[in-house]
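# Structure at a glance
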Amino acid sequence: MAKDKKKTSKLDSVASLCKRRGFIFQTSEIYGGLNGFWDYGPMGSQLKKNIRDAWWQDIVVKNENVVGLDASIIMHPRVWEASGHIGGFSDPMVDCRECKKRFKADNLCEEQGQELIQDGKKFQLPEGIKCASCGSDDLTEPRSFDLMFKTFVGPVEDDSAVAYLRPETAQGIFAQFSNVLATSRQKLPFGIGQIGKAFRNEINPRNYTFRSREFEQMELEFFIKPGTDEEWHKYWVQKRLSWYESVGLPLSSLELDEHPKEKLAHYASACTDVAYAFPFGVQELEGIAARGNFDLSRHQEFSGKSMEYFDQETNERYIPHVVEPSAGVDRIALAILCEAYTEEWIPKGGEGEVIKVEDADLGKRAPEGYEARTVLKFVPKIAPVKVAVFPLLKNKPELVEKAREIFEELQEYWPCFWDVAGAIGRRYRRQDEIGTPFGVTIDFDTLEDNTVTIRYRDTMKQERISCDELLPFLMKKIR
RNA sequence: GCGGGUGUUGCUUAGUGGUAAAGCUCUAGCCUUCCAAGCUAGUCACACGGGUUCGAUUCCCGUCACCCGCUCCA
């Protein structure tokens, strides 16, 4: 195999660790996998839960004017007519028979000053359109790629039973706007937050878990008085940025991509992407869009039900505008993994400087006199396992018993890890690879003076702390 | 989906028309008073499906998956 294998990129190193340590697996791997679908293992599922919890806490719990929702994945098909996903969400593509390149048909036409001809579900290229790459006019007919997964509701598979897996969670919020408004006693401005799976039959899933066909979104629809769009849009961009910092993505690793006005959808007044510098390029984690009242108006039109809000202060009746921060959980998880992934060369014997391995040298052998360490530097809040507890020696029952006691106490509060196997250094390194921020070791001194060693993942420094102070100390560090 | 590349165990590699080897990891035991130590034993692989053949991991065809480019955007 792979005699001329390219040097591995950082993404390969991250993916390899994710598999080795139980973060991410290929779905149904024993059958060869399925393109665009991924499973999260013991560490990955806890990592994702921590990300969701951090979002839910920051968006729903800590804002008294934001409430939660958990809408169903399959909704009435008319929802997708109203949202524009049926008819508008499929991209007709053309292929060049000469140079084999593929283009979005409407982009290609637009670039050449023409418009794509649409006749119901059929598309046609206008005269004279040429390949943007090689200039050939030998192009295929525009073909539609429906990005929504279809299924049937009930036992009969006829056209009237067709339904769709939601391609975004947002429409569940819009469709329940009136019910939430009526039951939550909220006044404008207020928001509805939701976390859930969405599905898109992507043409080409890529970049590990980055573009998957099944993915998880965290979306807030923040409803506002028309005319306040700009200030609320700015507010949420800032608010979201500070959240990213709090989960371990520093501002220096992020980029704001403000869409120019002329590129916005006709109903939108602003859209800013939060992007992360992945190993494969700067790519979007979240889009924060000011969408006007497009969605609610459409649902009012298609359902015939009023989406208006009565403003008690001004005695006005209007359809609220909305600002939508919409984030991808899987993308954030991948960004956090990439950001946290670190290889170090540490001097044997403990003397000298630790060398942080540059991206280009990842996976290489440590130089003479050094040994390699792989560590995931998660912030404690996000780390899947918070504390690992070790008896210094396995064959000393008094150590094991005391350690077990401490482990069981800590387990009441966080996911913890119990490990008695192998030398203590080996056990520390195992925890480094899953990003456990704290190690607690019980030794013979513990039995004498009731103190334990606490070992820090990032610095490998150790200090002694009284057993009584351990819990409050960790509480403070982990929050 | 199109074009190109890749596919042997958890990882890194070896090898063969007669079903596979090594190191590390992992598991168990012994030992061990703080950073992948040592000793003993053990588990685990030729992506899948056809074809050729007495016999295929090896040759041929197809499929799948992953990576790169086109494309895409949560």
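Residues numbered from 1 in each chain as written. Chains lettered and ligands numbered in written order. Predicted model: local features only at pLDDT ≥ 70, side-chain atom pairs only at ≥ 80, totals over all residues. Heavy atoms only, no water.

Secondary structure summary: chain A contains 14 helices and 26 strands in total. Summarising its shape, the C-alpha atoms of chain A cover approximately 85 × 65 × 50 Å along the three principal directions. A buried classification covers 48% of the 479 residues belonging to chain A. Across chain A, contacts joining residues at least 24 apart in sequence account for 64% of those joining residues at least 6 apart. Carbon and sulfur atoms form 47% of the exposed surface of chain A, whose accessible area is close to 24,900 Å². (Helix = DSSP H or I, 4+ residues; strand = E, 2+ residues; numbered from the N terminus. Buried < 20%, exposed > 50% of the residue type's maximum accessible area, 1.4 Å probe, protein only. Contact = heavy atoms within 4.5 Å. Areas by Shrake-Rupley, 256 points an atom, 1.4 Å probe, with all protein chains shown as cover.)

Looking now at the packing of aromatic side chains. Considering all chains together, one arrives at 24 aromatic pairs under this definition. With a centroid separation of 5.8 Å and an interplanar angle of 45°, the aromatic rings of Y413 and W414 are classed as tilted. Taking relative accessible area as the criterion, Y413 reaches 43% and is therefore assigned partly exposed. Owing to a relative accessible area of 11%, W414 belongs among the buried residues under this scheme. Taken together, the ring pairs in this structure connect F174, F177, F190 and F223 into an aromatic cluster. (Phe/Tyr/Trp six-rings, centres within 6.5 Å; stacked < 30°, edge-to-face > 60°.)

Moving on to helix α2 (residues 42-61). Look at α2: 26 Å from first C-alpha to last across 20 residues, which is about the 28 Å you get at 1.5 Å a residue. Inspection of α2 places M43, G44, L47, K48, N50, I51, A54, W55, D58, I59 and V60 among the buried residues, and these make up the whole buried set. (Expected span 1.5 Å × (residues − 1).)

Let us now look at the domain arrangement of chain A. In terms of domains, chain A is made up of domain 1 (2-89 + 147-337) and domain 2 (340-478). Computed over C-alpha atoms, the centres of domain 1 and domain 2 are 36 Å apart. Every contact between the two is made by 19 residues of domain 1 and, on the other side, 19 residues of domain 2. Roughly 1,700 Å² is buried in total at the junction of domain 1 and domain 2, and carbon and sulfur atoms are behind 64% of that figure. For domain 1, the biggest contributors to the area lost against domain 2 are K10, R21 and M43; these three give 27% of the whole. Counting every contact that joins domain 1 to domain 2 gives 2 salt bridges. Between E433 and R21 there is a salt bridge whose closest N-O contact spans 2.7 Å. (Domains from an automatic or database assignment. Buried area = accessible area lost by both parts, 1.4 Å probe. Salt bridge = Lys/Arg side-chain N within 4 Å of Asp/Glu carboxyl O.)

This paragraph deals with the sheet that holds strand β19 (residues 341-347). Spatial ordering of the open sheet is given by β20-β19-β21, a layout of 3 strands whose pairing is antiparallel. A strand with exactly one partner marks an edge of an open sheet, and here the two such strands are β20 (355-356) and β21 (370-376). Across the sheet, helix α10 (residues 329-340) is in contact with β19 and β21; its angle to β19 comes to roughly 15°. Across the sheet, helix α12 (residues 424-434) lies against β19 and β21, angled at about 45° from β21, the strand it touches most. (Pairing = 2+ DSSP bridges. Axes fitted to C-alpha atoms, helices over the stretch in contact; angles between N-to-C directions.)

This paragraph deals with the side chain of E216. Within the secondary structure, E216 is located in strand β12 (residues 214-224). Looking at E216, its side chain comes within polar contact range of the side chain of R52, at 3.2 Å. Apart from residues no more than four positions distant in its own chain, E216 is found in contact with K48, R52, I195, G196, K197, A327, G328, V329 and D330. (Polar contact = N/O pair within 3.5 Å; in protein donor to acceptor, adjacent residues only side chain to side chain.)

Right, let's get into the packing of α2 against α10. Running from N to C, α2 and α10 point in directions that differ by 110°, and their axes come no closer than 10 Å. By the angle between their axes, α2 is roughly perpendicular relative to α10. Crossing hand, α2 versus α10: right-handed. Residue-level inspection shows L47, K48, I51 and R52 of α2 in contact with α10, the latter providing V329, D330, I332, A333, I336 and L337. (Parallel < 35°, antiparallel > 145°, perpendicular 65-115°, else oblique. Left-handed = near helix turned anticlockwise from the far one by under 90°.)

The strands that make up a sheet are held in pairs by hydrogen bonds between backbone atoms, and each pair lies either parallel or antiparallel. If you walk across this open sheet you meet the 5 strands as β23-β22-β24-β25-β26, and the pairing is mixed. Looking along the sheet, the strands with just one partner apiece sit at the ends: β23 (416-418) and β26 (462-466). Each neighbouring strand pair of the sheet contributes to a mean axis angle of 25°, computed without reference to strand direction. Judged from the 5 bridges that link them, strand β22 (residues 387-391) and strand β24 (residues 438-442) form a sheet pairing that is parallel. Each bridged residue has a counterpart across the sheet, and for A388 the counterpart in β24 is G439.

Right, let's get into the pattern of salt bridges. The full count for this structure, using the stated rule, is 23 salt bridges. For the salt bridge of R464 with D443, the shortest nitrogen-to-oxygen distance reads 2.9 Å. Of this pair, R464 sits in strand β26 while D443 sits in the loop between β24 and α13 (444-449), and the two are 21 residues apart along the sequence.

With that out of the way, let us pick up the pairing of strand β14 (residues 270-278). The element β14 is largely enclosed, with a buried count of 8 among its 9 residues. Inspection of the sheet shows strand β13 (residues 254-258) paired to β14 by 5 bridges, in the antiparallel sense. Residue pairing in the sheet places L256 in a bridge with V274 of β14. Pairing geometry for β14 and strand β15 (residues 281-292), over 9 bridges, is antiparallel. Among the inter-strand pairings, A270 is bridged to a residue of β15, identified as A290.

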